[in-house]
Amino acid sequence: MAKQILIMATDGFEQSELMKPKANFEDAGMTVVVASPESGEIKGWDQGDWGDTVKVDKTLDQVNFADYDALVLPGGQINPDVLRLEDKAVKIVKDFANAGKPVAAICHGPWMLVEADVVKGKTVTSWPSVRTDLRNAGANVVDKEVAVDGNLITSRNPDDIPAFSKAVIDAVENAKSSAMA
């Protein structure tokens, strides 16, 4: 059975940070579901202006974390700032993290990890302006293309997408092989 990746986003997601990992996961044979507070479509942010739309597969109310193998949180300034005000979105992050499932956040996406209170004692990275928030939440912040600490996977920016995608795919594949052991 194909592995299921949940991407949680809303209007203002950084277009490359949703579209490129999504394509990479699908190329690896995984099924990707995009969830958002509202049904319909969400609009990306692309280099200083509104970008393309993406179909919402499920609303947050329809998401059961147990149905998915990993959670991916794209950045963009607008997207995580709006999502962290959604109780259901924060609960989804907590549920994935508490279950030990991979939770991957890139750029401004780690704001959701702060809001869900899951970074204390973890080594993470992010866009530079988010790093103070991560430190204040008890994280050890590093400046590298991808930081993996337990089930948390974080990256800094769109340039890191290849390493970010590979880390997520590896985490999901390793979870599959350890579940079969």
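The rules behind these values
- Residues numbered from 1 in each chain as written.
- Predicted model: local features only at pLDDT ≥ 70, side-chain atom pairs only at ≥ 80, totals over all residues.
- Heavy atoms only, no water.
- Helix = DSSP H or I, 4+ residues; strand = E, 2+ residues; numbered from the N terminus.
- Buried < 20%, exposed > 50% of the residue type's maximum accessible area, 1.4 Å probe, protein only.
- Contact = heavy atoms within 4.5 Å.
- Areas by Shrake-Rupley, 256 points an atom, 1.4 Å probe, with all protein chains shown as cover.
- Lys, Arg positive; Asp, Glu negative; His and termini not counted.
- Charge placed at Lys NZ, Arg CZ, Asp CG, Glu CD.
- Core = buried A, V, L, I, M, F, W, Y, C linked by side-chain atoms within 4.5 Å.
- Salt bridge = Lys/Arg side-chain N within 4 Å of Asp/Glu carboxyl O.
- Pairing = 2+ DSSP bridges.
- Phe/Tyr/Trp six-rings, centres within 6.5 Å; stacked < 30°, edge-to-face > 60°.
- Lys NZ or Arg CZ within 6 Å of the ring centre and 35° of its normal.
- Patch = residues over 30% accessible without salt bridge, like charges linked within 9 Å, V, L, I, M, F, W, Y side chains within 5 Å.

### Regarding the overall build of the protein
Okay, so step 1: When its secondary structure is counted, the protein shows 6 helices and 12 strands.
Okay, so step 2: Of all 181 residues assigned to the protein, the portion counted as buried reaches 51%.
Okay, so step 3: Look at the contacts in the protein between residues 6 or more apart in sequence, and 64% of them connect residues 24 or more apart.
Okay, so step 4: Carbon and sulfur atoms form 45% of the exposed surface of the protein, whose accessible area is close to 8,300 Å².
Okay, so step 5: Measuring between centres, the 19 positive side-chain charges of the protein sit 6 Å from its 28 negative side-chain charges.

### Regarding the nonpolar core
Okay, so step 1: The biggest cluster of nonpolar side chains holds 31 residues, and the ones touching the most others in it are Leu6, Met8, Leu71, Leu73, Val93, Val103 and Leu113.
Okay, so step 2: Contributions of two or more residues to this core are made by strand S1 (4-8), strand S3 (31-36), strand S7 (70-73), helix H3 (87-98), strand S8 (103-106) and helix H4 (111-115).
Okay, so step 3: Per element, the largest residue contribution to this core is 6 residues, and it comes from H3.
Okay, so step 4: The residues contacting Leu73, other than those within four sequence positions of it, are Met8, Val93, Val103, Ala104, Ala105, Ile106, Gly109, Met112 and Leu113.
Okay, so step 5: Formed by 26 residues, the second largest nonpolar core is a distinct cluster that contains Leu18, Met30, Ile161 and Ile169.

### Points about the pattern of salt bridges
Okay, so step 1: Inspection of the entire model under this criterion finds 9 salt bridges.
Okay, so step 2: Here Asp95 makes a salt bridge to Lys91, at a shortest N to O gap of 2.8 Å. Linking Asp95 with Lys91, this pair stays in helix H3, spanning 4 residues, or about one helical turn.
Okay, so step 3: Asp143 is the salt-bridge partner of Arg156, the closest N and O atoms lying 3.0 Å from each other. Of this pair, Arg156 sits in the loop between strand S12 (152-155) and helix H6 (161-180) while Asp143 sits in the loop between strand S10 (140-141) and strand S11 (147-149), placing them 13 residues apart in sequence.
Okay, so step 4: Among the residues examined, Asp143 registers a relative accessible area of 52% and is labelled exposed.

### Focus on the sheet that holds strand S5 (residues 49-55)
Okay, so step 1: Read from one edge to the other, the open sheet built from 3 strands follows the order S2-S4-S5, with strand pairing classed as mixed. Edge strands, defined here as strands with exactly one partner in the open sheet, are strand S2 (13-14) and S5.
Okay, so step 2: Pairing analysis gives 5 bridges linking strand S4 (residues 41-46) to S5, with the strands arranged antiparallel. Looking at the pairing, Trp45 lines up with Trp50 of S5.

### A few points about the packing of aromatic side chains
Okay, so step 1: Under the definition given, this model contains 2 aromatic pairs.
Okay, so step 2: Plain terms: the ring middles of Trp45 and Trp50 are 4.9 Å apart, the flat faces sit at 85° to each other, and that makes the pair edge-to-face.
Okay, so step 3: The ring of Trp111 carries the charged tip of Arg84 above its face, separated from the ring centre by 4.5 Å.

### Here we look at a nonpolar patch on the surface
Okay, so step 1: A cluster of nonpolar side chains, namely Trp50, Ile78 and Val82, defines an oily patch on the protein surface of about 250 Å² accessible area.
Okay, so step 2: With respect to the element layout, Ile78 can be found in helix H2 (residues 78-83).
Okay, so step 3: For Ile78, a relative accessible area of 34% gives the class partly exposed.

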